[in-house]
Amino acid sequence: MTDPSTPCVTVNGDQVSLTGVATHTTTLDWLRNRGLTGAKEGCAEGECGACSVLVARPGTTSPTEWTSVNACLVPVAALDGQEVVTSEGLGTSTDLHPVQQELAVRGGSQCGYCTPGFVCSLAAEYYRPNREPAPADADGAVCDHEHGPNGVDLHALSGNLCRCTGYRPIRDAAYALGTPEADDAFAARQQKPPPEARPTRIAVDGAEFVRPQTLSEALGLLAERPEAQVVAGSTDWGVEVNIRGRRAPLVVAIDRLPELRELSFRTGHVEIGAALTLTEIERKLNGRVPLLAELFPQFASRLIRNSATIGGNIGTASPIGDAPPALLALDAEVVLASPRGERVVPLADYFTGYRETVRAADELIRSVRLPLPLAPLVGFHKIAKRRFDDISSVAVGYALEIADGTVVRARIGLGGVAATPLRAVATEDALVGRPWTEESVRRAASVLTTEGTPMDDHRASASYRSAMLGQSLLRLFHAHTHREEVPA
Amino acid sequence: MSALSQRPDNPVVGIPLPHESATLHVTGEALYTDDLVGRLTGALHAWPVQAPHTHALVTSLRPEKAYEVPGVVRVLTAEDVPGINDAGVKHDEPLFPTEVMFHGHAVCWVLGETLEAARLGAAAVEVDYEPLPSLVTVQEAIAAESFQGTPRSLSRGDAGAALKDAAHVFEGEFEFAGQEHFYLETHVSLALVDEGGQVLVHSSTQHPSETQEIVGHVLGVPSHEVTVQCLRMGGAFGGKEMQPHGYAAIAALGARLTGRPVRLRLNRTQDITLSGKRHGFHSTWRAGFDDDGHIVALEATLTADGGWSLDLSEPVLARALCHIDNAYWVPNIRVDGRVARTNKTSQTAFRGFGGPQGMLVMEDLLGRCAPLLGIDPIELRRRNFYQQGQTTPYGQEVRQADRLAACWDQVAASGEVARRRAEIADFNRRHPHTKRGLAMTPVKFGISFNLTAFNQAGALVHVYKDGSVLINHGGTEMGQGLHTKMLQVAATALGLPLSRVRLAPTRTDKVPNTSATAASSGADLNGAAIKNACEQIRERLVQVGGGMLGISPHDVRIEDGVVRGLSPASGEVGWNELVNTAYHQRVQLWAAGFYRTEGLHWDPTVMQGEPFKYFANGVAASEVEVDGFTGAYTLRRVDIVHDVGDSLSPLIDIGQIEGGFVQGAGWLTLEDLRWDTSDGPHRGRLATQAASTYKLPSFSEMPEDFRVKLLEKAHEEGAVYGSKAVGEPPLMLAFSVREALREAAAAFGPSGTSVDLASPATPEAVYWALDKARTPQAPEPSDTGAEPVMAGER
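Residues numbered from 1 in each chain as written. Chains lettered and ligands numbered in written order. Predicted model: local features only at pLDDT ≥ 70, side-chain atom pairs only at ≥ 80, totals over all residues.

As named in an unreviewed UniProt entry, chain B is Xanthine dehydrogenase molybdopterin binding subunit, taken from Nocardioides turkmenicus. In its Sequence similarities (unreviewed entry) section, the UniProt entry covering chain B states "Belongs to the xanthine dehydrogenase family." (UniProt positions renumbered as here; feature names shortened; annotations may be inferred.)

Chain A goes by 2Fe-2S iron-sulfur cluster binding domain-containing protein in an unreviewed UniProt entry, where it is assigned to Nocardioides turkmenicus.

(A) Representation of the overall build of chain B within the structure. Counting secondary structure elements, chain B contains 18 helices and 30 strands. On the principal axes, the C-alpha backbone points of chain B span a range of 90 × 80 × 45 Å. For chain B, the share of sequence-separated contacts (at least 6 apart) that also reach a separation of at least 24 residues comes to 81%. (Helix = DSSP H or I, 4+ residues; strand = E, 2+ residues; numbered from the N terminus. Contact = placed C-beta atoms within 7 Å.)

(B) Main features of the overall build of chain A. For chain A, the count of helices and strands is 17 helices and 20 strands. The C-alpha atoms of chain A give 23 Å as radius of gyration, which agrees with the globular expectation for 488 residues (23 Å, within 12%). Seen through its C-alpha atoms, chain A measures out along the principal axes to roughly 70 × 60 × 45 Å. A burial count over chain A gives 58% of its 488 residues as buried. Sequence-distant contacts in chain A: of pairs separated by 6 or more residues, those separated by 24 or more amount to 68%. (Rg over C-alpha atoms; globule rule 2.2 N^0.38 Å. Buried ≥ 20, exposed ≤ 12 C-beta atoms within 10 Å, placed from the backbone.)

(C) How the structure looks around the domain arrangement of chain B. Residues and elements named next belong to chain B. For chain B, the assigned domains read domain 1 (385-451 + 607-675 + 689-775) and domain 2 (456-596). Taking only C-alpha atoms into account, the centre of domain 1 sits 38 Å from that of domain 2. Counting from both sides, the interface comprises 17 residues of domain 1 and, opposite them, 16 residues of domain 2. Of all the elements, helix 16 (residues 650-669) adds the most residues to the side of domain 1 that touches domain 2, at three residues. (Domains from an automatic or database assignment.)

(D) Representation of the domain arrangement of chain A within the structure. All names here are of chain A. Its domain assignment divides chain A into domain 1 (1-195) and domain 2 (259-481). Computed over C-alpha atoms, the centres of domain 1 and domain 2 are 31 Å apart. With 15 residues of domain 1 at the interface, the matching set in domain 2 holds twelve residues. At four residues, the largest contribution of residues to the side of domain 1 that touches domain 2 is made by strand 4 (residues 64-70). Its residues placed into classes, the side of domain 1 that touches domain 2 shows four nonpolar, eleven polar and no charged. (Nonpolar A, V, L, I, M, F, W, Y, C, P; charged D, E, K, R; others polar.)

(E) Local environment of the nonpolar core. Counting 347 residues, the largest nonpolar core has A123 of chain A together with V461, A490, L741 and A745 of chain B as the members making the most contacts within it. Beyond its immediate chain neighbours, meaning those up to four positions away, A490 of chain B contacts V461, V469, I471, V501, I530 and C534 of chain B. Judged by nonpolar contacts, the second largest core, of 55 residues, contains V75, A106, V125 and V201 of chain B. (Core = buried A, V, L, I, M, F, W, Y, C linked by C-beta atoms within 7 Å.)

(F) Structural context of the pairing of strand 27 (residues 614-627) of chain B. Residues and elements named next belong to chain B. When you tally the buried positions in strand 27, you get 13 out of 14 residues, the bulk of the element. One ladder, built from 14 bridges, connects strand 16 (residues 434-447) with strand 27; its direction is antiparallel. Among the inter-strand pairings, G437 is bridged to a residue of strand 27, identified as V624. Direction of pairing for strand 27 relative to strand 28 (residues 633-642): antiparallel, over a ladder of nine bridges. (Pairing = 2+ DSSP bridges.)

(G) The sheet that holds strand 20 (residues 506-507) of chain B, seen in detail. All names here are of chain B. The eight strands lie next to each other as 3-5-1-12-9-10-11-20, forming an open sheet whose pairing is mixed. Two strands close off the open sheet at either side, each with one partner strand: strand 3 (72-76) and strand 20. Looking at chain direction, strand 10 (residues 199-203) and strand 11 (residues 226-230) are connected through four bridges and run parallel. What sits directly across from V201, in strand 11, is V228. Its contacts with the sheet put helix 5 (residues 208-219) on strand 10, strand 11 and strand 20, and the angle it makes with strand 11 is roughly 145°. Where helix 6 (residues 244-258) meets the sheet, its contacts fall on strand 1 (44-50), strand 3, strand 5 (106-112), strand 9 (188-193), strand 10, strand 11 and strand 12 (262-265), and the angle it forms with strand 9 comes to roughly 30°. (Axes fitted to C-alpha atoms, helices over the stretch in contact; angles between N-to-C directions.)

(H) Spatial organisation of unusual backbone geometry. Cis peptide bonds are those with omega within 30 degrees of zero, and the linkage from L372 of chain A to P373 of chain A qualifies with 0°. If you trace the backbone, P373 of chain A turns up in the loop between strand 16 (364-371) and strand 17 (377-383). A cis geometry characterises the amide bond from S759 of chain B onward to P760 of chain B, with omega recorded as 10°. With respect to the helices and strands, the residue P760 of chain B is situated in the loop between helix 17 (735-746) and helix 18 (763-774).

(I) Spotlight on the interface of chain B and chain A. The interface of chain B with chain A comprises 66 residues on the first partner and 71 residues on the second. The set of elements that each furnish at least two residues to the side of chain B that touches chain A consists of helix 1 (22-27), helix 7 (268-274), helix 12 (417-430), helix 16 and helix 18 of chain B. Looking at the side of chain B that touches chain A, its residues break down into 26 nonpolar, 26 polar and 14 charged.

(J) Region of interest: the sheet that holds strand 28 of chain B. All names here are of chain B. With mixed pairing, the four strands of this open sheet are ordered in space as 16-27-28-29. Taken across any chain shown, the strands that pair with only one partner, and hence form the sheet edges, are strand 16 and strand 29 (705-710). On average, adjacent strands in this sheet sit at an angle of 15° to one another, irrespective of strand direction. Taken strand by strand, helix 17 contacts strand 16, strand 27 and strand 28, and its axis lies near 150° from that of strand 16.

(K) Structural view of the pairing of strand 6 (residues 126-131) of chain B. Residue and element names in this part refer to chain B. Within strand 6, only zero of the six residues are buried, which leaves it mostly out in the open. Relative to strand 6, strand 2 (residues 56-62) runs antiparallel, the two sharing six bridges. Considered in strand 6, the bridge of S60 is made with D128.

(L) How the structure looks around the packing of helix 5 of chain B against helix 6 of chain B. All names here are of chain B. At their nearest, the axes of helix 5 and helix 6 sit 9 Å apart, and the two run at 45° to each other. Considered as vectors, helix 5 and helix 6 are oriented oblique to each other. The two elements helix 5 and helix 6 cross, and the hand of that crossing is right-handed. Of the residues in helix 6, those touching helix 5 at E210, T211, I214, V215, V218 and L219 are P244, H245, A248, A249, A252, L253 and R256. (Parallel < 35°, antiparallel > 145°, perpendicular 65-115°, else oblique. Left-handed = near helix turned anticlockwise from the far one by under 90°.)

(M) Spatial organisation of the environment of L696 of chain B. Counting through the fold element by element, L696 of chain B comes out in the loop between helix 16 and strand 29. Residue classification places L696 of chain B among the buried positions, given that 21 C-beta atoms sit within 10 Å. Along the backbone, L696 of chain B and Y67 of chain B are 629 residues apart, and their C-alpha atoms lie at a distance of 40 Å. Setting aside residues up to four positions removed in sequence, L696 of chain B forms contacts with L161 and R163 of chain A together with F182, G666 and E671 of chain B.

(N) Structural detail: the UniProt feature "domain: Aldehyde oxidase/xanthine dehydrogenase a/b hammerhead" (unreviewed entry) in chain B. In the UniProt entry, the feature "domain: Aldehyde oxidase/xanthine dehydrogenase a/b hammerhead" (unreviewed entry) is given for residues 27-133 of chain B. In residues 27-133 of chain B, the share of helix is 10% and the share of strand is 32%. The end C-alpha atoms are 51 Å apart.

(O) Region of interest: helix 9 (residues 355-373) of chain B. Residue and element names in this part refer to chain B. The end-to-end C-alpha distance of helix 9, which contains 19 residues, comes to 26 Å, matching closely the 27 Å that a straight helix rising 1.5 Å per residue would cover. Across the 19 residues of helix 9, 18 count as buried, placing the element largely inside the fold. Just past helix 9, the residue G374 takes up positive phi, approximately 70°. (Expected span 1.5 Å × (residues − 1).)

Printed below as a string of structure tokens:
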């Protein structure tokens, strides 16, 4: 046993010291340098999943949940004190794990390079505590082309790319999986608490990685060192490190601060902790905020949602983040904490320019507040080239209230059409007070096509982006007022 | 039945087996080139200095500042090259260029103790450039008459005259995009020096022999001083046929100069910005039909976007010309082909090798013309199929025209195409905002390298004294299952259970002068060479076995490791005993095998001959659903019947068909290479240089219902154990997806609407197509360049 204060990670059951490891080192590079070459680098930006590994994280419905993450994005320092399992740890060629067995015999690997990543993503789904097989006599109730009869959600693999197989045999393998045996060690591990988030302070070659224990400690550090880089899931920062070669003198990890990890329904609002991951919010809300329930499956991939936090998605202030359009439609507010106290800013006032916000260097997003009651008519429309795991060309969030056939309240959030996420105020005005009819919706849709200042890029043309704004409102109207089918 | 194609009783070929490395893949134990780095001590890491210009002269290169970065060991420049400063086979690819020919061109390489040191060192190298005007699009190259290589023409009959007389003539222009290979494993080379400065290069290469030659040229040493090994690749798809050579040469050069192992592994951005891709093409065409919809004539000009150097552009173009007919009889034809030189990456081989590009022109024009002819596209395609005995425009008989018809009819029947199309018509009537389409397309793809000399292969088979067998062959494993098939071939040829045969990594010091593992020919060529080697050994062993059993050697049979006579009375001996006896009788227990494909000839100057051993056939029916609000679509169902001959390994072959199909669908519908074509500061830069911007098919693009069948009773006379090649042909089955999207888009408009669809048919492209179809048309403006226009109605 190493000295408990020495930074270390438990990998496939072995405790390994982090002493001397540069703070920007990704978990992937660290594992590979240790000879664990199962995890591969395919893209180094969390898009391909070839580096997927399992981390023992706090669960929603069990004490611990084996959570798949992109090892290329997470600095290994952020895993100090944590438990990691790689494809090598799940099984060996003479003693295959059930997930490995199914993939191997069904032709789930061709070149095999993406395969260890698929194994880890699929293992996380195999062990998902609330995965429930469809009843034997179910008439395809939960079994569609994205859900298997064994309860496997194909979205668990949405962040893994395979260039060889065309995916069919991987899907077949996923849908053939049973449930873990009674003596399965990984299933048993989920019933015990996850590793604590312990304080970390690593300094190598003048660069530091710090994990404070409390919010006040974190805020004090930021006040003292305004140049600090704040990271939570590191899904954005990891890309900066890998692709743009950015290095930070000080990285401060806030993803396990207890003050940032609460979700509660209160009088007048829902409070969502900024450091909760998208997956955690999805599981904790369990459909209670329908607009967000529509958003989650469209937000990046499961691998990214397992790491990315809602505070991070707001904090990076990307104009093409997926959460802001939905949150703008929900009239969300941002709670900012600093040593001076807290302030609450409407999200609509939060973004001030391209990747610029009202947040001061010593402030942290503590939580996001969604006012209650929620609007009854909602929709989240994301336009992208690929259905799963793509960055939006345009995203639109709707929250409308209609009384006696008239729109009485409208909130529309837009992404991808300006330097910041923004509200479609002119369109909201064009809807409110008017009848919810095809004619007035068409008029409002033509206003919507003029919102923002969309541009041409490799994702979409400006004209397509504008057209999609208007089309999305028509689609919303159609979905809520018509049956798609008309008599023959 | 030929000796090559005949199978013994109870063969190991034909059994559905998982990939031979499957258990190593799933556990992560399978080793790829870059996984070896940690097993060496003292390896240096390489990083390129990439030019921020699309076309420029390098006026000065000063590496001094790089040496100030801690950990930088060496900056490699042109002065370091002892041999020839060139990485290609056409001598137009300087390894260290003085003229930057595309955005991101590597002008020199930095070696560091760590990757971080090499990266920082590369950033410190000072380079001065003199920018030059650039040609980025193929249109710009055509306007500037910037071409490279030899233009080629393919013709038969008198297309001009036939077009004059045709009842219906259409013309059009069609430009379509290339494709990034996006093998999950990027290019990697790891070079070591041993005694006397000899070099061993581990390389992710489909063409170890050519990598060896180029490394030799660059180092100025003969081939016998260079060994190239490829353990396996994490995908290749043609992208590692020509492109690895330069990276291997850099690593080898670094190893020679420093005496230390050098690892060169491109990260994804470097790989996409440095390495070649599938050629995009520009085409113009005129097609004539008779009143029954029979094609009577085709004139076309194909311009391949070759990028900055020639690479494999000429043979890619030749294959495009040879496949413009796809499955259709075109009595009068003239196709002119040329290669544009642009300031882009040097475009290269990619699964199909020009075949898909040629065929896409034909399938696109049929899809556009069918509504104008008033003929159902399924009927139009079927009506124009080759008939038995007809020949291709390059003079080769289409010997199995009936097989194509058989695939077609089987897909139509098992896919219930007629019933489903009636349902789709009904669905489309009832759904104003959602439309479905179902299209069928055929594939006829010629198998063999067009260049006859490449159609040879070697193998080396060892039987050890203990009866175990080790096989080597010249082919490389990139995930296509070649090694699995080769194990099955060897076990079949020797009469052994699979467990007795092991396969060693591909190395140039075991089997020399190999061809690239390409053109779908890996199993045909190497399988026949292995079979040849095994049969030599077997022939010697049956002599020994005859003596042991006291029977004529002609009557000795070896099956599942047991040696018997024709009659049970003659008894039996085990394989190990036979081998041990043979050893003590001083019988040679190993053999080198060789194979050359018979019956091929090709005259590239007139584009005539018999370039292909046979054709692979296949048919697909795809059904899509398109959302009228956004152009987004789903692939609802795909039915495929494909001809792989008598399959060597059915699970592997089905995997190749499915994977090829989805990769083809990616090229045609999703994958969107975008270069900056503006006059701004980033002109010529690839805008989609990462997985976040260049989207591959993911689970969401897989057909919801995917039914693949192999054509039964499909014995191929001329190939090993009656099988056919499978790697490339299925990619082109994906034309059915594009054509189904065209039909769904047309369903938003009045009956008879002809839809012009961009390629790739992204949701945006489909949206504009359907929006145009459903919008009442103003009179056509005059400049309808991309439209098929009725040029002469008679």
